[in-house]
Amino acid sequence: MREPAIIEAPSVLGLRPSGIEGLAAALLGAGLGDRLGAVRAGRVEAPAYDPARDPETGVLNPGGIADYSVRLADAVGGVIDRGLFPVVLGGDCSILLGNLLALRRRGRYGLLFLDGHTDFYQPAAEPTGEVASMELALATGRGPRVLADIDGLGPLVRDEDVVAFGFRDSEESAAAGMQPLPQRLHAVDLDGVRALGAAAAARQAVGRLGEYWVHLDVDVLDDALMPAVDYRLPGGLSWAELESVLRTALGDERAVGLDVTIFNPRLDPDGTIAARLVECLCRGLG
């Protein structure tokens, strides 16, 4: 893998200022940058959070997220142009749009989407309008144009270039009325991962992709191991399983970047989960 470069992206525009804005500081404080020997490639600050749901689009902070995505894409693109491997520390899952915009400016790329949820909601089905529950739909061109067609480059990734991996929210999302995943989008839920084994499932997943970005929402981990998230759901991957998936995905020369989202250090007051997450990331990137 190329030399890692850390970008801090502490945006909460797609969720709320619950504590996830401290993700980067917590992981860097637990030694992530030093252990990786990573370049520090800056911090992209988000505009002020507006708690009012936009009446036209039905989502929170649409203009702010669109603006932030462009600026984050500039930062990620600059790292890529230097021949480095961007490691983007969120923030909520809406930062995925900026990361993929950086790639879309350069051509066609894939996405390995590691998340306990599929995040494919449409605004009408998302109770509070949080973009962190719909970023995969937006990235594939579905939703309000201000976010589904940023810079006129939407969709940022094609359905067939996505693998949703390790999710376990099918019953919950169906009950809420979330739009179904498209048939061309490859989906491997938690049971599917377990049926193949984590490493084999990851090899199969990345085998479907060309060059690709890796999105990691830490709630893909077992809730008993990763309670420091805002939306908890029973079950999930073990630490060993996630490490195996990351080693497989990030050890492949076609991987072009990684983001880490949703970890909330306010829910980890003694820092033990942050330290374990850093260990996992270092083993995965190692």
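For clarity, every value in this text was computed on a predicted model and none was experimentally measured. (Residues numbered from 1 in each chain as written. Predicted model: local features only at pLDDT ≥ 70, side-chain atom pairs only at ≥ 80, totals over all residues. Heavy atoms only, no water.)

Novice: I would appreciate a short explanation of the pairing of strand 1 (residues 4-8) in the present structure.
Specialist: Taken across its 5 residues, strand 1 has 5 buried, putting it largely inside the fold. Along strand 1, one buried face is formed by Pro4, Ile6 and Glu8 and the opposite face, lined by Ala5 and Ile7, is buried too. Where strand 1 lies against strand 3 (residues 85-89), 5 bridges are found, and the strand directions are parallel. Of the residues in strand 3, the one forming a bridge with Ala5 is Pro86. (Buried < 20%, exposed > 50% of the residue type's maximum accessible area, 1.4 Å probe, protein only. Helix = DSSP H or I, 4+ residues; strand = E, 2+ residues; numbered from the N terminus. Pairing = 2+ DSSP bridges.)

Novice: Honestly, the sheet that holds strand 5 (residues 162-165) in this entry has me stumped. Any pointers?
Specialist: Backbone hydrogen bonds are what pair the strands of a sheet, in a parallel or an antiparallel way. Judged by pairing direction, the sheet is parallel, and its 8 strands sit side by side in the order 2-1-3-8-7-4-5-6 without closing on themselves. Unpaired on one side and paired on the other, strand 2 (39-43) and strand 6 (186-188) mark the two borders of the sheet. For this sheet the average axis-to-axis angle between neighbouring strands, irrespective of direction, equals 15°. In this structure, strand 7 (residues 212-217) lies alongside strand 8 (residues 255-261), joined through 6 bridges in parallel fashion. From the neighbouring strand, His215 faces strand 8, where its bridge partner is Asp259. Contacts from helix 9 (residues 198-207) reach strand 4 (110-114), strand 5 and strand 7 within the one sheet, and its direction differs from that of strand 5 by about 160°. (Axes fitted to C-alpha atoms, helices over the stretch in contact; angles between N-to-C directions. Contact = heavy atoms within 4.5 Å.)

Novice: Help me understand the side chain of Thr261 in this model?
Specialist: Mapped onto the elements, Thr261 comes out in strand 8. Note on Thr261: relative accessible area 0%, which makes it buried. If we skip the residues at most four places from it in the chain, Thr261 touches Leu23, Gly91, Asp92, Cys93, Ile95, His215, Leu216, Asp217 and Val218.

Novice: Is there a simple way to explain the side chain of Asp259 in this structure?
Specialist: Inspection of the secondary structure assignment puts Asp259 in strand 8. It turns out Asp259 is buried and unbridged, and the closest side chain with the opposite charge, Arg2, is 13 Å from it. A polar contact is formed between the side chain of Asp259 and the side chain of Asn99, at a distance of 3.1 Å. In terms of polar contacts, Asp259 uses its side chain to reach the side chain of His215, at 2.7 Å. (Lys, Arg positive; Asp, Glu negative; His and termini not counted. Salt bridge = Lys/Arg side-chain N within 4 Å of Asp/Glu carboxyl O. Polar contact = N/O pair within 3.5 Å; in protein donor to acceptor, adjacent residues only side chain to side chain.)

Novice: Would you mind showing me how to read the environment of Val12 here?
Specialist: Mapped onto the elements, Val12 comes out in the loop between strand 1 and helix 1 (23-29). Ignoring any residue separated from it by four or fewer positions in sequence, one finds Val12 in contact with Pro17, Ile20, Glu21, Tyr49 and Asp92.

Novice: Can you walk me through the nonpolar core in this structure?
Specialist: Counting 59 residues, the largest nonpolar core has Leu27, Leu89, Leu112, Phe165, Met226 and Phe263 as its most contacted members. Among all residues touching Leu27, those that are not within four sequence positions of it are Leu32, Leu89, Val260, Phe263, Ala274, Leu277, Val278 and Leu281. One finds Leu72, Ala73, Leu101 and Leu103 within the second-largest nonpolar core, a separate group that totals 47 residues. (Core = buried A, V, L, I, M, F, W, Y, C linked by side-chain atoms within 4.5 Å.)

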